[in-house]
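# Per-entry structural report
Now for the letters of each chain:
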Amino acid sequence: MTLKTKYGEIRTQTYCAVGFSRTVAQWLRVPASCMVLKRIEIACFARPVEKFNIPLILESTSDDPGRVYGAVVLHKDDPFRCPYIYTPIRVDPTQEYYITAFQPNGSMETAHHMLIYGCETPGSDEEVWNCGEMALAQPGITTAPVCGSGSQVIYAWAKDAPKLVLPEGVAFRVGGNTPIQYIVLQVHYSSVEKFKDGSTDESGVFLYYTETPQPKSAGVLLLGTGGRINPHSVEYMESACTIDEDKTIHPFAFRTHTHALGRVVSGYKVTRQGYVDNWQLIGKKDPQLPQMFYTVENDLVFHKGDTVAARCTMESKRDRTTRIGSTNEDEMCNFYMMYWTEGPVMKKKTCFSLGPPFYYWTRVGLNNVPDRDASSLPVGTSAKDQGINSHQM
């Protein structure tokens, strides 16, 4: 494919594309019938090349301003490289849109995970950049954070999770006067080995939206930890934050995420009654199962002063210490709580602790901790019970 750049016309075998138009849908080889419902379309293609010497700062080659190109390189001589690739969409600042569903287009054999971020400003002005997490720097590709300002996760996918449809009347508000002026897609490729024969990849996410205002605003609160896991041990990685805004929060979905050592990730609403804490389960899962957003079964409501708490139960049989970090040799502990509220969503987007050995629930004054419930699953519901192997990232 020949692309026009600031450095002249060049031929590249690796590229990404984002856009809003039917023109883009046709270029992505998406059937025209899929445009019956309005969708923001995001897709990435990858074809490895031998070398890459020209920094691609791509310009649109279409009269349609919604059609833009970006480019990335997956090195053919380095099949174990696992690049994080970002590509942004500038949302129309004069029109407010309401995202009501997310349809992933990817396979866990190719994409380890994908995230959709809402940003006030993007981390880079390039069409595509490398976030630098879990990957080496790539020549000619800018390394930058996801967002320059106003970062918030609005969707996450891994392990062949299915489509997510928000409840009736609930939507993520983007564009217009909202804090989300850019939508950024992150794709983390597990390996580029399969691309050696010239095969292409179309990993991405379809975002369904409407221009009709929706009465309830969707938001995501991400809980996570730092810390370490000692060799041949079981460790609890915990975090907790108090809701300090005068809002009524209705959690309706949750998602868990760890790498290979995670066994159970659980989240709770904690309410102090006198001197005793009352714990109500938001949800818990084995993070080795498809890392989708699961429905919150209990009808919970958070008010100002309530606490949201999360725990990752990690089991290590390794001979070394494993730390929370940004490589596939490290671990992660994340609990995503998706919620709706009336009016703007919470300003608080994340809740992180130092993790073990410095932070535990009991050390910050929480009591009546449901240790057994927080670290166990009903018989037959774990990945092991279902014959699913732990993923290795």
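Residues numbered from 1 in each chain as written. Predicted model: local features only at pLDDT ≥ 70, side-chain atom pairs only at ≥ 80, totals over all residues. Heavy atoms only, no water.

## Let's talk about the packing of aromatic side chains
Using the following cut-off: Two aromatic rings, drawn from Phe, Tyr or Trp (for Trp, its six-membered ring), form a pair once their centres lie within 6.5 Å of each other, and the interplanar angle then sorts them: stacked below 30 degrees, edge-to-face above 60, tilted otherwise. Runs of E in the DSSP output that reach at least two residues are strands. Runs of H or I that reach at least four are helices, and both are numbered from the N terminus. Accessible area is worked out with a 1.4 Å probe on protein chains only. A residue is then buried under 20% of its type maximum, exposed over 50%, and partly exposed in between. Two conditions define a charge sitting above a ring: the NZ of Lys or the CZ of Arg must be within 6 Å of the ring centre, and it must be within 35 degrees of the ring normal.
A full pass over the atoms with the stated rule returns 9 aromatic pairs. Between Phe254 and Tyr294 the ring centres are 5.9 Å apart and the planes differ by 35°, which places this aromatic pair in the tilted class. With a gap of 40 residues between them, Phe254 in strand S20 (residues 250-258) and Tyr294 in strand S23 (residues 294-295) connect regions that are remote in the sequence. A single burial state applies to Phe254 and to Tyr294, both of which are buried. Each residue in the set Phe102, Tyr155 and Phe172 is aromatic and connected to the rest through ring pairs, giving one cluster. One cation-aromatic arrangement involves Lys163 over Tyr208; the distance from NZ or CZ to the ring centre is 4.2 Å. Above the face of the Phe302 ring, Lys269 is positioned so that its terminal group lies 5.8 Å from the ring centre.

## Some remarks on the environment of Ser382
We apply this condition: For this analysis, a polar contact is any N or O atom pair within 3.5 Å, provided that within protein one partner can donate a hydrogen and the other can accept it, and provided that sequence-adjacent residues contribute only side-chain to side-chain pairs.
With respect to the helices, strands and loops of the structure, Ser382 is situated in the segment after helix H2 (371-374). For Ser382, a relative accessible area of 13% translates into the label buried. The spatial distance from the C-alpha of Ser382 to the C-alpha of Asp286 is 5.6 Å, given a sequence separation of 96 residues. Here Asp385 takes part through its backbone nitrogen, which lies 3.0 Å from a polar atom of the side chain of Ser382.

## Quick look at the state of the cysteines
One covalent bond between the sulfur atoms of two cysteine residues makes up a disulfide. Rules: Disulfides are defined as pairs of cysteine sulfur atoms found within 2.5 Å of each other.
This structure, assessed with the given rule, holds 3 disulfides. Bridging Cys241 to Cys351, the disulfide has an S-S length of 2.1 Å. Classification of the bridge connecting Cys241 and Cys351 rests on its S-S torsion, roughly 100°, and on that basis the disulfide is right-handed. Of this pair, Cys241 sits in strand S19 (residues 233-242) while Cys351 sits in strand S27 (residues 350-353), and the two are 110 residues apart along the sequence. For the pair shown, Cys241 and Cys351 are each scored as buried. A disulfide bridge connects Cys312 with Cys333, and the sulfur atoms are separated by 2.0 Å.

## Remarks on the confidence of the model for the chain
Applicable threshold: Values of pLDDT, ranging from 0 to 100, describe the predictor's confidence in every residue of the model. Should any heavy atoms of two residues lie within 4.5 Å, those residues are considered in contact.
The share of residues in the chain with pLDDT of 70 or more is 72%, and the mean pLDDT across the chain is 75. Residue range residues 1-83 is modelled with pLDDT below 50. Its contacts to residues more than four positions away, or to other chains, number 223 contacts.

## Considerations on the side chain of Thr271
With respect to the element layout, Thr271 can be found in strand S21 (residues 262-273). If we skip the residues at most four places from it in the chain, Thr271 touches Val276, Asp277, Asn278 and Asp306.

## With respect to the environment of Ile183
Looking at the element boundaries, Ile183 is found in strand S15 (residues 182-189). For Ile183 and Thr121, which are 62 residues apart along the polypeptide, the C-alpha to C-alpha distance reads 9.3 Å.

## A look at the nonpolar core
How we decide: For our purposes a nonpolar core is just a set of buried Ala, Val, Leu, Ile, Met, Phe, Trp, Tyr and Cys residues, chained together by side-chain atoms within 4.5 Å.
Ranked by internal contacts, the top residues of the largest apolar core, which has 43 residues, are Ile99, Phe102, Leu166, Phe172 and Met338. Considering every element that reaches this core, the biggest residue donor is strand S8 (residues 111-119), with 6 residues. In terms of nonpolar packing, the next biggest core, distinct from the first, is built from 27 residues, Leu223, Leu289, Phe302 and Met337 among them.

## A few points about the pattern of salt bridges
What counts is decided by this rule: We define a salt bridge as a side-chain nitrogen of Lys or Arg found within 4 Å of a carboxyl oxygen belonging to Asp or Glu.
Scanning the entire structure with this criterion turns up 8 salt bridges. The salt bridge partner of Arg173 is Glu96, with a shortest N-O separation of 3.0 Å. Of this pair, Arg173 sits in strand S14 (residues 170-175) while Glu96 sits in strand S7 (residues 96-105); the two residues are 77 residues apart in sequence, bridging distant segments of the chain. A salt bridge links Arg311 to Asp371; its shortest N-O distance comes to 2.5 Å. Separated by 60 residues along the polypeptide, Arg311 in strand S24 (residues 307-316) and Asp371 in helix H2 bring together distant segments of the chain. On the basis of relative accessibility, which here comes to 1%, the residue Arg311 falls in the buried class. Salt bridges sharing common partners tie together Glu238, Arg311 and Asp371.

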